[in-house]
Amino acid sequence: MELKKKRTILRIRKYLFQSLQIIIGTFLMAVAVSLFLLPNQLSSGGFTGIATILYYLLKLPMGISIIALNIPIFILSFIKKGKSFVIKGAMGTVFLSIFIDLLDKYPVLTTDRFLACIYGGIIMGLRNISNTKSQCVNWRK
């Protein structure tokens, strides 16, 4: 019985640690996008970049666009990878969408496109450092 409790506690701690990494990583990504890239009409890669383009062309909120673009990926991931993988991915997508929409209301930190590109890239790099451990753990499963 004692061993079962320890395993459960370790699983909970691991899940909380991974969740914290996801939240920190999505916050850093949202800071880079909302405060540097988006106001200077710069785009990042992936679905966030597509959502940026939709933001300027159709005036759609970025958070909603990101969630809508990721729905087909979640469906495929659920079939291929399982529930745990989808839950972590959905958590990251939802937090990113919320943080981007919240930070969009703050004033622009720089209007120089070159500096915005440099600062945004540095902050996104910090996000990658934050999520590296979490991604390695997910990859093994």
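Scope of this entry: the structure provided in the associated data block. As the structure is a computational prediction, the values presented were derived from the model and not from experiment. (Residues numbered from 1 in each chain as written. Predicted model: local features only at pLDDT ≥ 70, side-chain atom pairs only at ≥ 80, totals over all residues. Heavy atoms only, no water.)

The secondary structure content of the protein chain amounts to 5 helices and 0 strands. Dimensions of the protein chain, computed from C-alpha atoms along their principal axes, come out at roughly 60 × 30 × 25 Å. Residue burial in the protein chain is summarised as follows: out of 141 residues, 35% are buried. Counting only contacts in the protein chain whose residues sit at least 6 apart along the sequence, the fraction spanning at least 24 positions is 71%. As presented, the protein chain carries roughly 9,300 Å² of accessible surface, and 71% of it is formed by carbon and sulfur atoms. Seen as two clouds, the 18 positive and the 4 negative side-chain charges of the protein chain have centres 18 Å apart. (Helix = DSSP H or I, 4+ residues; strand = E, 2+ residues; numbered from the N terminus. Buried < 20%, exposed > 50% of the residue type's maximum accessible area, 1.4 Å probe, protein only. Contact = heavy atoms within 4.5 Å. Areas by Shrake-Rupley, 256 points an atom, 1.4 Å probe, with all protein chains shown as cover. Lys, Arg positive; Asp, Glu negative; His and termini not counted. Charge placed at Lys NZ, Arg CZ, Asp CG, Glu CD.)

Before going further, it helps to examine the packing of helix H2 (residues 46-58) against helix H3 (residues 62-80). In contact at an axis separation of 9 Å, H2 and H3 are set at 135 degrees when each is read in the N-to-C sense. Judged by the angle between their axes, H2 and H3 are oblique. Considering how the two elements wind past one another, H2 and H3 form a crossing that is right-handed. Along its contact with H2, which presents Phe 47, Thr 48, Ile 50, Ala 51, Thr 52, Leu 54 and Tyr 55, the element H3 presents Met 62, Ser 65, Ile 66, Leu 69, Asn 70 and Ile 73. (Axes fitted to C-alpha atoms, helices over the stretch in contact; angles between N-to-C directions. Parallel < 35°, antiparallel > 145°, perpendicular 65-115°, else oblique. Left-handed = near helix turned anticlockwise from the far one by under 90°.)

Phi at Gln 41 takes a positive value of approximately 55 degrees, unusual for a residue other than glycine. Tracing the backbone shows Gln 41 in the loop between helix H1 (2-37) and H2. Non-glycine residue Lys 59 carries a positive phi angle of around 60 degrees.

Contact geometry for H1 and helix H4 (residues 83-103): axes closest at 8 Å, N-to-C directions at 35 degrees. When you trace H1 past H4, the crossing you get is right-handed. In terms of residue class, the contact of H1 with H4 is built from 16 nonpolar, 5 polar and 1 charged. (Nonpolar A, V, L, I, M, F, W, Y, C, P; charged D, E, K, R; others polar.)

Counting across every chain of the model gives 4 aromatic pairs. Ring centres of Phe 27 and Phe 99 lie 5.4 Å apart, and the angle between their planes is 85 degrees; on these two criteria the pair is classed as edge-to-face. Taken as a pair, Phe 27 in helix H1 and Phe 99 in helix H4 lie far apart in primary sequence, 72 residues in all. Of the residues examined, Phe 27 reaches a relative accessible area of 37% and is grouped as partly exposed. Here a set of aromatic residues connected by ring pairs shows up, and it is made of Phe 27, Phe 95 and Phe 99. (Phe/Tyr/Trp six-rings, centres within 6.5 Å; stacked < 30°, edge-to-face > 60°.)

Across its 19 residues, H3 extends 27 Å between first and last C-alpha, which sits within 8% of the 27 Å expected from 1.5 Å per residue. Along its length, H3 shows its largest kink, about 35 degrees, at Ile 71, and proline Pro 72 lies within four residues downstream of that point. Regarding H3, the residues found buried are Met 62, Gly 63, Ser 65, Ile 66, Asn 70, Phe 74 and Ser 77. On the buried face of H3, the contacting elements are H1, H2 and H4. (Expected span 1.5 Å × (residues − 1). Bend = angle between axes of the 7 residues up to and from the residue.)

All we've got here are geometric facts, nothing functional implied.
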